[in-house]
4 protein chains.
Amino acid sequence: MSRIIVGVMGPGENATPDDNELAYELGRAIAKAGWITLTGGRSFGVMDASLKGAAEEGGLTIGILPGDSDKNSSEHAQIKIVTSMGSGRNYISVLSSHVLVVLGMAAGTASEVALALKSRKKIILLNQDEITIRFFKNLGSYNVIVTKTVDETIRSVKDYLSVNQVV
Amino acid sequence: MSRIIVGVMGPGENATPDDNELAYELGRAIAKAGWITLTGGRSFGVMDASLKGAAEEGGLTIGILPGDSDKNSSEHAQIKIVTSMGSGRNYISVLSSHVLVVLGMAAGTASEVALALKSRKKIILLNQDEITIRFFKNLGSYNVIVTKTVDETIRSVKDYLSVNQVV
Amino acid sequence: MSRIIVGVMGPGENATPDDNELAYELGRAIAKAGWITLTGGRSFGVMDASLKGAAEEGGLTIGILPGDSDKNSSEHAQIKIVTSMGSGRNYISVLSSHVLVVLGMAAGTASEVALALKSRKKIILLNQDEITIRFFKNLGSYNVIVTKTVDETIRSVKDYLSVNQVV
Amino acid sequence: MSRIIVGVMGPGENATPDDNELAYELGRAIAKAGWITLTGGRSFGVMDASLKGAAEEGGLTIGILPGDSDKNSSEHAQIKIVTSMGSGRNYISVLSSHVLVVLGMAAGTASEVALALKSRKKIILLNQDEITIRFFKNLGSYNVIVTKTVDETIRSVKDYLSVNQVV
């Protein structure tokens, strides 16, 4: 009865226009697949863009917020979990996601990938560079999937959920 | 666009049959009103009973879980936020709720009421004894509402949301 | 080899001059007994006054800070644990203390007493009123000790540590 | 009046004998310099070895523990901060350290380096491989220092503290 949650991780302030466009398309695709989209819930970058895509496609969206209120959070987060933990919330974002998709890279994003590997979560590195892929594969290659496109990413999530009978 | 969340707080292992029945009715009433029900997400006590009532009425339910996975959580929690924080998650439950309803009393429950008062959240004490009411009113009477029934509780939430134009 | 930590809990902004004086004397007495004093580490109220007393007596002091840096923390905290968790840090303060002494009362303080009861920690209620004592005794009388003076409090801590061979 | 804390980060279960020996030497050197050594406080790997070195040299040691009690923690941690947060405590370890030294690499360690970069903390990468250095320098080269030996590391900490007049 519990719902599938796909976490989308990526840069906030330093997201490129390409990161944001990819995140928006990813959010749409997650919603079309019937899954919930979860991000760090801020009003900019990959967090905001993927929630926007998901919400516009009629999907349910969750923001795991850093502050002690929902001020300045993404208007596309329908469910706002208020943590008052700053970047400490990254671990909650990771643990609450059945699968994580990572696009773009920044320090906060890297902490989420590392915590996901530590927790043996399945991580999809979408459109990442060679250094990033090698660094994280060295830390736990078994749980790392590398994809190039949103379509390939969605197929990987479906395969993972079906093989592991998640939920 | 964000959804209203009503937190329901009360005893887990030490919940009485009356606590659980009241929690179940409260969950149903919250769902009927169109709000999301949020609890600590464990599989027993007020947490479980209120989520069950809400889910059976077709409402959306959230469990803020103490462990580092969703094992042993309430089967009536549709959205599972996994915190790995034990009772440290109580602050997240409080901050994520627009209004809190408290029925029955135990140490964990008392910590949630106190944190809610600290955060200036509106708290409805449902069917509480005189000592409890006096203790919490001494700490911040402005935010404490005392009710006797589920109906009166739902009316109080409606009044609060309408006066404060929450969301 | 690990050191005994006594947590001192009480109001911050709403502390009375009497609360602060009692906290200062308590900090001195904890340091004289050779124990570490731990508080929420802010620069006012019972947190600050007890650390000041302890430090002036040559004791070691710890502040469990709410913010994401040590700005605005008590100058009497020698070891600053920076949590970025706001009131969420209260659970860490409780769990890290071998015994807790509570003087004065406010919402944050009440949350610490409740979390301590939930964690089955020994709590000394110093100079509390009847409502407070009855409320917390209802939640777990076995772990609650009631005292009137600093001397009586220190004797209670010594008895508890010796009977339970803590550390 | 507050004390300088140097965080030591590195693998736990997967630490190599070389990692542990280097950690032990680093702990000794930190203690000799008069600073406090802080780690994740478990009873094995780099956490334990560096605390052991520091304690044997007469230094003060802090463990930021993952569990909800001090069970199974390093016997060389004199001050035990009990978080009940699992790997969520990594952010607290990072924020509480004035400088971080990272030796060996594992998923948890990588999360600490990433959170430190996010928080603009100074990080010393001791004896790391080329992929690791390039990955983290891409995320925030300004705060990353690369060293090969314990001596060089201690000099880097001294330089940083003196230039920035920390504490």
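That block above? That's the structure.
These remarks concern the structure in this document. (Residues numbered from 1 in each chain as written. Chains lettered and ligands numbered in written order. Predicted model: local features only at pLDDT ≥ 70, side-chain atom pairs only at ≥ 80, totals over all residues. Heavy atoms only, no water.)

1. Things to note about the overall build of chain A
Phase 1: Scanning chain A from terminus to terminus reveals six helices and seven strands.
Phase 2: Ordered by position from the N terminus, the helices and strands of chain A form the series β-α-β-α-β-β-α-β-α-β-α-β-α.
Phase 3: Its C-alpha atoms give chain A a radius of gyration of 14 Å, near enough to 15 Å, the size a compact globule of 167 residues would have.
Phase 4: With the C-alpha coordinates of chain A rotated into their principal frame, the extents come out at 40 × 30 × 30 Å.
Phase 5: Buried residues in chain A amount to 65% of all 167 residues.
Phase 6: Here the contacts in chain A between residues at least 6 apart in sequence split such that 57% fall between residues at least 24 apart.
Phase 7: Charge centroids of chain A, computed over 17 positive and 17 negative side chains, lie 8 Å from each other. (Helix = DSSP H or I, 4+ residues; strand = E, 2+ residues; numbered from the N terminus. Rg over C-alpha atoms; globule rule 2.2 N^0.38 Å. Buried < 20%, exposed > 50% of the residue type's maximum accessible area, 1.4 Å probe, protein only. Contact = heavy atoms within 4.5 Å. Lys, Arg positive; Asp, Glu negative; His and termini not counted. Charge placed at Lys NZ, Arg CZ, Asp CG, Glu CD.)

2. Re the sheet that holds strand 7 (residues 144–147) of chain D
All names here are of chain D.
Phase 1: Spatial strand order, 4-3-2-1-5-6-7: seven strands in an open sheet with parallel pairing. This sheet does not close on itself; its edge strands, each paired only once, are strand 4 (79–82) and strand 7. The mean inter-strand angle of the sheet, taken between neighbouring strand axes irrespective of direction, is 25°.
Phase 2: Contacts from helix 1 (residues 17–32) reach strand 1 (5–9), strand 2 (36–39), strand 5 (99–103) and strand 6 (122–126), with the element oriented near 155° to strand 5.
Phase 3: Where helix 5 (residues 130–140) meets the sheet, its contacts fall on strand 6 and strand 7, and the angle it forms with strand 7 comes to roughly 155°. (Pairing = 2+ DSSP bridges. Axes fitted to C-alpha atoms, helices over the stretch in contact; angles between N-to-C directions.)

3. Overview of the interface of chain D and chain A
Phase 1: In this complex, chain D contributes 22 residues to the contact, which on the side of chain A involves 22 residues.
Phase 2: With both sides pooled, the region where chain D packs onto chain A buries about 1,800 Å², and carbon together with sulfur makes up 79% of that total.
Phase 3: The interface formed by chain D and chain A includes zero salt bridges.
Phase 4: Across the chain D-chain A interface, the total number found is zero residue pairs in polar contact (both at pLDDT 80 or more).
Phase 5: Listing elements by their share of the side of chain D that touches chain A, those giving two or more residues are helix 3 (90–96), helix 4 (107–118) and helix 5 of chain D.
Phase 6: With eight residues, the top contributor of residues to the side of chain D that touches chain A is helix 4 of chain D.
Phase 7: Class assignment of the residues belonging to the side of chain D that touches chain A gives a composition of 13 nonpolar, seven polar and two charged. (Buried area = accessible area lost by both parts, 1.4 Å probe. Salt bridge = Lys/Arg side-chain N within 4 Å of Asp/Glu carboxyl O. Polar contact = N/O pair within 3.5 Å; in protein donor to acceptor, adjacent residues only side chain to side chain. Nonpolar A, V, L, I, M, F, W, Y, C, P; charged D, E, K, R; others polar.)

4. A closer look at the relation of the copies chain A and chain B
Phase 1: Each copy of the sequence occupies a distinct position, and chain A is placed on chain B by a rotation of 180° and an axial shift of 0.0 Å, giving an RMSD of 0.0 Å. These values place the two chain copies in the arrangement generated by a two-fold rotation axis. Closest to the rotation axis within chain A is the C-alpha of Ile-81 of chain A, separated from it by 4.3 Å.
Phase 2: The fraction of interface residues of chain A whose copies in chain B are also interface residues reaches 100%, indicating that both copies meet through the same surface. (Least-squares fit on C-alpha atoms with pLDDT ≥ 70 in both.)

5. Thoughts on the pairing of strand 5 of chain D
All names here are of chain D.
Phase 1: Counting buried positions along strand 5 yields five of five residues, so the element is predominantly enclosed.
Phase 2: Of the two faces of strand 5, the one lined by Val-99, Val-101 and Leu-103 and the one lined by Leu-100 and Val-102 are each fully buried.
Phase 3: Alignment of strand 1 against strand 5, held across four bridges, turns out to be parallel. Note that in strand 5 the partner of Gly-7 across the bridge is Leu-100.
Phase 4: Examined bridge by bridge, strand 5 and strand 6 share five bridges and lie parallel to one another. Paired with Val-101 across the bridge in strand 6 is Ile-124.
Phase 5: With helix 4 bridging strand 5 and the parallel strand 6, this β-α-β connection has right-handed handedness. (Right-handed = clockwise from strand over helix to strand, strands pointing away.)

6. Digging into unusual backbone geometry
Phase 1: Even without being a glycine, Asn-72 of chain A presents a positive backbone phi close to 65°.
Phase 2: Along the chain, Asn-72 of chain A turns up in the loop between strand 3 (61–65) and strand 4 (79–82).
Phase 3: For Asn-127 of chain D, which is not glycine, the phi torsion reads 60° and is therefore positive.
Phase 4: Residue position: Asn-127 of chain D is located in the loop between strand 6 and helix 5.

7. Notes on the environment of Leu-65 of chain C
Phase 1: Along the chain, Leu-65 of chain C turns up in strand 3 (residues 61–65).
Phase 2: Apart from residues no more than four positions distant in its own chain, Leu-65 of chain C is found in contact with Gly-40, Gly-41, Asp-70, Ser-73, Lys-80, Ile-81, Val-82, Thr-83, Ser-84 and Arg-89 of chain C.

8. Some words on the interface of chain A and chain B
Phase 1: Contacts between the two partners involve 26 residues from chain A and, on the opposite side, 26 residues from chain B.
Phase 2: Summed over both partners, the interface of chain A with chain B comes to about 2,000 Å²; 68% of that surface belongs to carbon and sulfur atoms.
Phase 3: Where chain A touches chain B, the interface holds zero salt bridges.
Phase 4: Along the contact surface separating chain A from chain B lie four residue pairs in polar contact (both at pLDDT 80 or more).
Phase 5: Counting only elements with at least two residues in the side of chain A that touches chain B, the list comes to strand 3, strand 4 and helix 3 (90–96) of chain A.
Phase 6: Class assignment of the residues belonging to the side of chain A that touches chain B gives a composition of 15 nonpolar, six polar and five charged.

9. With respect to the side chain of Ser-111 of chain B
Phase 1: If you trace the backbone, Ser-111 of chain B turns up in helix 4 (residues 107–118).
Phase 2: Excluding anything up to four places from it in sequence, Ser-111 of chain B contacts Asn-90 of chain B together with Ser-111, Ala-114 and Leu-115 of chain C.

10. Focus: the packing of helix 1 (residues 17–32) of chain B against helix 6 (residues 150–164) of chain B
The geometry of a pair of packed helices is captured by two quantities: the angle between their axes and the separation between those axes.
Residue and element names in this part refer to chain B.
Phase 1: Relative to each other, helix 1 and helix 6 sit at 40°, their axes nearing to 10 Å. As judged from the angle between their axes, helix 1 and helix 6 are oblique. Once helix 1 is placed against helix 6, the crossing between them reads as right-handed. Seen from helix 1, the contacting residues are Leu-22, Glu-25, Leu-26, Ala-29 and Ile-30; seen from helix 6, they are Val-150, Thr-153 and Ile-154.
Phase 2: When the residues that make up the contact of helix 1 with helix 6 are grouped by side-chain class, the tally is six nonpolar, one polar and one charged. (Parallel < 35°, antiparallel > 145°, perpendicular 65-115°, else oblique. Left-handed = near helix turned anticlockwise from the far one by under 90°.)

11. Some remarks on the pattern of salt bridges
Phase 1: According to the stated counting rule, one finds eight salt bridges over all chains in the structure shown.
Phase 2: For Glu-57 of chain B, the salt bridge identified is with Arg-28 of chain B, shortest N-O distance 3.0 Å. Linking Glu-57 of chain B in the loop between helix 2 (45–56) and strand 3 (61–65) with Arg-28 of chain B in helix 1, this pair joins segments that are 29 residues apart in sequence.
Phase 3: Residue Glu-57 of chain B is classed as partly exposed on the basis of its relative accessible area of 29%.
Phase 4: When the shortest N-O distance is used, the salt bridge between Lys-52 of chain D and Glu-56 of chain D registers 3.0 Å. Taken together, the residues Lys-52 of chain D and Glu-56 of chain D, both in helix 2 (residues 45–56) and four residues apart, mark about one turn of the helix.

12. Points about helix 5 (residues 130–140) of chain A
Phase 1: Along helix 5 of chain A, the residues classified as buried are Ile-131, Thr-132, Ile-133, Phe-135, Phe-136 and Leu-139 of chain A.
Phase 2: Packed against the buried residues of helix 5 of chain A are helix 4 (107–118), strand 6 (122–126) and strand 7 (144–147) of chain A together with helix 4 and helix 5 of chain D.
Phase 3: Measuring from the backbone nitrogen of Ile-131 of chain A back to the side-chain oxygen at the start of helix 5 of chain A gives 3.3 Å, which picks out Asp-129 of chain A as the cap.

13. Some points on the packing of helix 5 (residues 130–140) of chain B against helix 5 (residues 130–140) of chain C
Phase 1: For the pair helix 5 of chain B and helix 5 of chain C, interaxial distance at closest approach is 9 Å and the crossing angle is 120°. Judged on the interaxial angle alone, helix 5 of chain C and helix 5 of chain B are oblique. At the point where helix 5 of chain B passes helix 5 of chain C, the crossing takes the left-handed sense. Residue-level inspection shows Ile-131, Thr-132, Arg-134, Phe-135, Phe-136 and Asn-138 of chain B of helix 5 of chain B in contact with helix 5 of chain C, the latter providing Ile-131, Thr-132, Arg-134, Phe-135, Phe-136 and Asn-138 of chain C.
Phase 2: Class assignment for the residues of the contact of helix 5 of chain B with helix 5 of chain C results in six nonpolar, four polar and two charged.

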